[in-house]
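Each chain, letter by letter, is given below.
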Amino acid sequence: MDTKQLSLQQQLRMKFPVLENERLRLRKIESEDSELLFQYVTDPLTQRHMSFQPDTLLFPKRLFRYFEETYRNLHDLHFAVIWKETGEVIGICSLQQWSELNGKARLGYLISPSFWNLGIATEAAGLLLRFGAEVLGLNEVEARCGVDNPASERVLQKLGLSFQAYADNSVGHRSDEYCRLKVYLLRL
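For clarity, every value in this text was computed on a predicted model and none was experimentally measured.

*Asks:* Whenever I open this one, the packing of helix α2 (residues 34-42) against helix α4 (residues 60-73) confuses me. Can you help?
*Replies:* To describe two helices that pack against each other, one gives the angle between their axes and the distance between the axes. Between α2 and α4, whose axes approach to 8 Å, the crossing angle comes to 100 degrees. When the axes of α2 and α4 are compared, the pair comes out roughly perpendicular. Facing Ser-34, Glu-35, Leu-37 and Phe-38 of α2, the residues of α4 in contact are Pro-60, Leu-63, Phe-64 and Phe-67. Here the residues of the contact of α2 with α4 sort into six nonpolar, one polar and one charged.

*Asks:* Could you clarify how one ought to interpret the environment of Arg-62 in this entry?
*Replies:* Along the chain, Arg-62 falls in helix α4. Residue classification places Arg-62 among the partly exposed positions, given a relative accessible area of 34%.

*Asks:* What is the right way to look at helix α6 (residues 150-158) in this model?
*Replies:* Because an α-helix packs 3.6 residues into every turn, residues spaced three or four apart end up facing the same way. Of all the positions in α6, only Ser-152, Glu-153, Val-155 and Leu-156 are classed as buried. Summarising the axial view, the buried residues of α6 lie within an arc of 155 degrees, below the 170-degree limit, and thus occupy one face. Note on α6: the residue one or two positions beyond its end, Gly-160, has a positive phi of about 95 degrees.

*Asks:* I keep staring at a nonpolar patch on the surface and nothing clicks. Help me out?
*Replies:* Together, Val-147, Phe-163 and Tyr-166 give the surface a local cluster of nonpolar side chains, amounting to about 270 Å² of exposed area. Looking at the secondary structure, you find Tyr-166 in strand β7 (residues 162-169). We classify Tyr-166 as partly exposed; its relative accessible area is 45%.

Calculation notes
- Residues numbered from 1 in each chain as written.
- Predicted model: local features only at pLDDT ≥ 70, side-chain atom pairs only at ≥ 80, totals over all residues.
- Heavy atoms only, no water.
- Axes fitted to C-alpha atoms, helices over the stretch in contact; angles between N-to-C directions.
- Helix = DSSP H or I, 4+ residues; strand = E, 2+ residues; numbered from the N terminus.
- Parallel < 35°, antiparallel > 145°, perpendicular 65-115°, else oblique.
- Contact = heavy atoms within 4.5 Å.
- Nonpolar A, V, L, I, M, F, W, Y, C, P; charged D, E, K, R; others polar.
- Buried < 20%, exposed > 50% of the residue type's maximum accessible area, 1.4 Å probe, protein only.
- Arc of directions from axis to C-beta.
- Patch = residues over 30% accessible without salt bridge, like charges linked within 9 Å, V, L, I, M, F, W, Y side chains within 5 Å.
- Areas by Shrake-Rupley, 256 points an atom, 1.4 Å probe, with all protein chains shown as cover.
- Salt bridge = Lys/Arg side-chain N within 4 Å of Asp/Glu carboxyl O.

In structure tokens form, the structure reads like this:
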């Protein structure tokens, strides 16, 4: 079948992309990644900056089932971030709430704390933004970070996103309190 006749979602289901630069490879999350990714998602250092409740995942295989489901419906595009030097999975980078019709998505990333402050989140998110603009036809990308997360805010600024507003988040591991967020936007 001619791939020009397939929708973009059908093409992505047939062959999920691999994105690369000198240091990183972004690829589809595989079942053998689930143990490490579960460790990163449940690490107290990363949890304090996340807006969802990791306890709902309960165990690594449940996390992987979540990723499998997102690949089926392609509402979210999650990529494993691989450190090319060792082949180790060091995080996740995502375009969430992707709307092919509206050309919009929300950028998200989570990098293992042992790889913080090396520019990895900026590189991985940059690869994903380029893919979003060139392949997915995105014209707008939103990202959010906690007001208490200046490192993530610097990543967003380096990527060219601009501050738009403050928002409150009552969903997630801090559901009993409001988490103040900064909303950033990039128009492509």
